[in-house]
Amino acid sequence: MTPTEALQLAKDNGAKQVDIRFADIPGLQHHISYPIGELNEGSFTDGFGIDGSSIRGWAAINESDMLLIPDATTAFMDPFMETPTLVMIGDVRDPLTRQNYERDPRWIAKKAELYLQNTGAGDTAFFGAEAEFFIFDNVRFDQNAHSGFYFIDAEEGRWNSGRENNNLGYRPRYKEGYFPVPPTDHYQDLRSEMVNTMERCGLVIECHHHEVATAGQSEIDQRFNTLVKSADNMMTYKYIVRNVANQYGKTVTFTPKPLYGDNGSGMHVHQSIWKDSKPLFAGDEYAGLSRMALHYIGGLLKHARALSAIIAPTTNSYKRLVPGYEAPVNLAYSRRNRSAACRIPMYSASPKAKRVEFRPPDPSANPYLAFAALLMAGLDGVLNKIEPGEPLDKDIYDLTPEEMKSVASMPGSLEEALGCLEDDHQFLLKGDVFTEELIETFIDYKRRNEADAVRLRPHPYEFSLYYDI
């Protein structure tokens, strides 16, 4: 969509407001709105002035003036606002130099695409992410100097099976929520409404279904797209899922592990590289892969522990990434073993469908940073011909302790992951895609505001363990 077409879309739909959105470093989307009369052809080059001093991980207050340039290709009409509103994602620029702002996550994703083209290894990176989420009916939480708690309830939660009143049963058992039909699946209509809304906003959806956990865990799968477009789409996906749920009186969370003892929510990321409209990951090597694809896997596995800080970036992420459970913590690849970090889907023999699925990421990640970092790790493998080793095709639970020692695993905590990123991030700096300053800012923010903040606070379960010690 061109600027002219975006303006026509606004006119055709009687738009009264234009809403421009952008993401901070942790991945929360922000927005600012203007009367539609403020938007014209010049806005797509001149942009709108914003104050960036209060955005997490951005500039200090003495460098707070920034420009937000709307991207016409992202335009859609907001399906939730009573006032007709045109929505676009914006790029952040320095008002003095007119250069892209180095801490804008979308710019980092764009630089990753440019780096791919400059290497000559390919011209297009396709990404397809499967973000899972929970649908709850009520959530309460608080934390202060003398107390801390959370309480979750969901009509579909298995724990409500013993409720005396207004109880019709039909709830998924713990770890047995995969693909049940209604009425056990309570949210078929809700997810269908989410899908319908996504399609009206331009997203291409392939399927939706209940996930493994009880309490409304769900997945809606988008069609793959180019790296930046897929990250844009993930932001819109989250916005729509939350707002449709809100209209139904429900609340959605993309927290990786909100329930103890049941499956967590992942964001498996499918990746492939093409050149001149031809897929480069298909070949006659293992699982129908090309040597290039195996080297890409080698890069992902080599840098997986450093990547973890970006693709599983919360303290809660490591309550999902636990060895021996459902999570893909094993740094190996396989065409069938879902406990391996890299899986090669075998649903189709078409070369166009050949791809690598990286399974450790979760939906708390900033998609712009996560997809960019994954591409940089994979390209490091391609350019340096990093071999991925032997595939892990055995059942992980059948491996002997000696065999398990040879299989590396993901970090066990956010603090450990941040340390891995400190030690291994040179691959991210290639082509100035990530900067040393950005990585330092990311690590400092995560360590100070999340890892240390959680570590310093008493945990409710510690009272059960130690109060009478």
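Data block above holds the structure.
Summarised in this report is the structure supplied together with it. (Residues numbered from 1 in each chain as written. Predicted model: local features only at pLDDT ≥ 70, side-chain atom pairs only at ≥ 80, totals over all residues. Heavy atoms only, no water.)

**A few points about the packing of aromatic side chains**
Rules: Any pair of Phe, Tyr and Trp rings, taking the six-membered ring for Trp, is counted once the centres come within 6.5 Å. Such a pair is stacked with planes under 30 degrees apart, edge-to-face with planes over 60 apart, and tilted for the rest. A simple rule labels every residue: compare its accessible area, found with a 1.4 Å probe on the protein chains alone, to the largest value its type can have, and call it buried under 20%, exposed over 50%, or partly exposed in between. Numbering of helices and strands runs from the N terminus, with a helix taken as a DSSP run of H or I at least four residues long and a strand as a DSSP run of E at least two residues long.
Counted by the stated rule, this structure contains 15 aromatic pairs. Here phenylalanine 134 and phenylalanine 136 contribute two aromatic rings whose centre-to-centre distance is 5.6 Å and whose plane-to-plane angle is 25 degrees, an arrangement assigned as stacked. Across the pair, phenylalanine 136 and phenylalanine 134 agree in class, each one buried. Between tyrosine 237 and phenylalanine 254, the aromatic rings sit 6.4 Å apart at their centres with planes inclined by 50 degrees, giving tilted as the arrangement. With tyrosine 237 in helix 5 (residues 227-247) and phenylalanine 254 in the loop between strand 13 (251-253) and strand 14 (267-275), this pair connects stretches of sequence that are 17 residues apart. Comparing tyrosine 237 with phenylalanine 254, the two get one shared label, buried.

**Things to note about the pairing of strand 14**
Worth spelling out the cut-off: Any two strands are treated as partners once DSSP identifies two or more bridges connecting them.
Burial of strand 14 is extensive: eight of the nine residues sit out of reach of the surface. Of the strand pairs in this sheet, strand 7 (residues 124-136) and strand 14 are connected by eight bridges, and their pairing is antiparallel. Residue phenylalanine 127 lies in a different strand from strand 14, and its bridge partner there is glutamine 271. Direction of pairing for strand 14 relative to strand 18 (residues 356-358): antiparallel, over a ladder of three bridges. Within strand 18, the position partnered with histidine 270 by the bridge is glutamate 357. Once strand 14 ends, the chain turns through two residues before running back antiparallel as strand 15 (residues 278-279), passing aspartate 276 with a positive phi of about 55 degrees.

**Comments concerning the packing of helix 5 against helix 8 (residues 367-383)**
For the record, the criterion: Every angle, taken between N-to-C directions, lies between 0 and 180 degrees, and every axis is a line fitted to C-alpha atoms, over only the stretch in contact when it is a helix. When describing relative orientation, an angle under 35 degrees is termed roughly parallel and one over 145 degrees roughly antiparallel, while 65 to 115 degrees is termed roughly perpendicular and anything else oblique. In a left-handed crossing the near helix is turned counterclockwise from the far helix by less than a right angle, and in a right-handed crossing that turn is clockwise. The contact rule is simple, with two residues in contact once any of their heavy atoms fall within 4.5 Å. In this classification, the charged set is Asp, Glu, Lys and Arg, the nonpolar set is Ala, Val, Leu, Ile, Met, Phe, Trp, Tyr, Cys and Pro, and all remaining amino acids, among them Gly, are polar.
Two elements in contact, helix 5 and helix 8, have axes whose closest approach is 9 Å; the angle formed by their N-to-C orientations is 150 degrees. In terms of axis orientation, helix 5 runs roughly antiparallel to helix 8. Between helix 5 and helix 8 lies a crossing whose hand is right-handed. Mapping the contact onto sequence places Leu227, Val228, Ser230, Ala231, Asp232, Met234 and Met235 in helix 5 and Pro367, Tyr368, Phe371, Ala372 and Leu375 in helix 8. Taken together, the residues of the contact of helix 5 with helix 8 sort by class into ten nonpolar, one polar and one charged.

**Quick word on the nonpolar core**
Heads up, the condition is: What is meant by a nonpolar core is a set of buried Ala, Val, Leu, Ile, Met, Phe, Trp, Tyr and Cys residues, joined one to another through side-chain atoms within 4.5 Å.
Formed by 122 residues in total, the largest nonpolar core has its most connected members in Met194, Tyr237, Leu375 and Phe434. When residues in this core are grouped by element, the largest group, twelve residues, is from helix 8. Apart from residues no more than four positions distant in its own chain, methionine 194 is found in contact with Phe133, Ile220, Ile240, Val241, Val244, Ala245 and Val252. Of all hydrophobic cores here, the second largest spans seven residues; its members include Phe134, Ile152, Ala154 and Leu259.

**Here's the deal with the environment of threonine 119**
Selection rule: Under this definition, polar contacts are N or O atom pairs within 3.5 Å; protein pairs additionally need one hydrogen-donor-capable and one acceptor-capable atom, and for neighbouring residues in sequence, both atoms have to be side-chain atoms.
Structurally, the position occupied by threonine 119 is in helix 3 (residues 105-119). Spatially, the C-alpha atoms of threonine 119 and leucine 383 are 8.3 Å apart, while their sequence positions differ by 264 residues. Here the side chain of threonine 119 touches alanine 121 through a polar contact of 3.1 Å, landing on its backbone nitrogen.

**As for helix 10 (residues 414-423)**
Leu414, Ala417, Leu418, Gly419, Cys420 and Leu421 are the residues of helix 10 that are buried. Looking at the packing, one finds that the buried side of helix 10 touches helix 7 (304-311), helix 11 (426-429) and helix 12 (436-455).

**A word on the pairing of strand 1 (residues 17-23)**
Judged by how many residues are buried, strand 1 sits mostly within the fold: six of seven residues are covered. Two elements, strand 1 and strand 6 (residues 85-93), share five bridges in a ladder whose sense is parallel. Following the sheet pairing, isoleucine 20 is matched in strand 6 by methionine 88. One ladder, built from seven bridges, connects strand 1 with strand 2 (residues 29-35); its direction is antiparallel. Its bridge partner being in strand 2, valine 18 is matched across the sheet by tyrosine 34. Linking two consecutive strands that pair antiparallel, namely strand 1 and strand 2, is a turn of five residues; a positive phi of about 110 degrees is found at glycine 27 within it.

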